[in-house]
Amino acid sequence: MSPTYEDLQDQLIEWLRPMRSTILNVTRQEFEDSATRQIEKIIPKERSHLLIVALSNPSLCNNANAEPYIDATDVISDSIYRNLYKFAWEWYRETKKDMEELYVKTF
């Protein structure tokens, strides 16, 4: 069965969740590197699966017609990557801020 965009986001959340307890020890660069590797692992490689992910979240297709000489699946794959990375980065930034505030209140 092909994954939806929400399935990919859930996979990313499962990967992020255990990091919460160690977020204060994770640098921005370490997070960026590991998030990039993880997102590349979860994005489907098959064209048909990419298209199903895109159909589950039409905003991912906004640029698919922008460059007619580029394979639309490349654009969709890039769009999925950017959306997942943005989601992961926002999670990192918010979680780190929350944990820093908790640390300050605790000590």
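Computed from a prediction, not measured in an experiment: that's the story for all the values here.

A. Region of interest: the nonpolar core. L12, F31, I80, L84, W91 and Y92 are the most contacted members of the largest nonpolar core, which has 25 residues in total. Counting only elements with at least two residues in this core, the list comes to α1 (5–16), α2 (28–42), α3 (47–56) and α4 (72–106). In terms of residue count, α4 provides more of this core than any other element does, 9 residues in total. Residues in contact with Y92, not counting those within four places in the same chain, are I23, V26, T27, R28 and F31.

B. Molecular detail of the pattern of salt bridges. The tally for this structure, following the rule as stated, stands at 3 salt bridges. Across the pair R28 and E32 runs a salt bridge whose closest N-O atoms are separated by 2.8 Å. One end of the pair is R28 and the other is E32, both in helix α2 and 4 residues apart, which spans about a single turn. Given the relative accessible area of 18%, E32 is considered buried.

C. A look at α3. When α3 is considered as a whole, its buried residues turn out to be L50, V53 and A54. Viewed along the axis of α3, the buried residues span an arc of 100°, placing them on a single side of the element.

D. Summary view of the packing of aromatic side chains. Enumeration according to the criterion identifies 5 aromatic pairs in this entry. Pairing F31 with W89 gives two aromatic rings, centres 6.3 Å apart and planes at 50°, and the pair type is tilted. With F31 in helix α2 and W89 in helix α4, this residue pair connects regions lying 58 residues apart in the sequence. Like W89, F31 is buried. A centroid spacing of 4.4 Å and a plane angle of 20° characterise the contact between F31 and Y92, whose relative ring orientation is stacked. One end of the pair, F31, is in helix α2; the other, Y92, is in helix α4, and 61 residues separate them in sequence.

E. Just the side chain of Q38, in detail. Topologically, Q38 is positioned in helix α2. Under the relative-accessibility criterion, Q38 is labelled buried at 14%.

F. Representation of the environment of A88. Assignment of secondary structure puts A88 in helix α4. Measuring from C-alpha to C-alpha, the distance between A88 and I39 comes to 9.2 Å, with 49 residues separating the pair along the chain.

G. Structural context of the packing of α1 against α2. One way to put it is that α1 packs onto α2 with a least axis distance of 10 Å and a crossing angle of 140°. Comparing the axis directions of α1 and α2 gives the class oblique. α1 and α2 meet at a crossing whose hand is right-handed. Judged by residue contacts, L8, Q11, L12, W15 and L16 of α1 engage F31, S34, A35, Q38, I39 and I42 from α2.

Each value, and the rule that gives it
Residues numbered from 1 in each chain as written. Predicted model: local features only at pLDDT ≥ 70, side-chain atom pairs only at ≥ 80, totals over all residues. Heavy atoms only, no water. Core = buried A, V, L, I, M, F, W, Y, C linked by side-chain atoms within 4.5 Å. Buried < 20%, exposed > 50% of the residue type's maximum accessible area, 1.4 Å probe, protein only. Helix = DSSP H or I, 4+ residues; strand = E, 2+ residues; numbered from the N terminus. Contact = heavy atoms within 4.5 Å. Salt bridge = Lys/Arg side-chain N within 4 Å of Asp/Glu carboxyl O. Arc of directions from axis to C-beta. Phe/Tyr/Trp six-rings, centres within 6.5 Å; stacked < 30°, edge-to-face > 60°. Axes fitted to C-alpha atoms, helices over the stretch in contact; angles between N-to-C directions. Parallel < 35°, antiparallel > 145°, perpendicular 65-115°, else oblique. Left-handed = near helix turned anticlockwise from the far one by under 90°.

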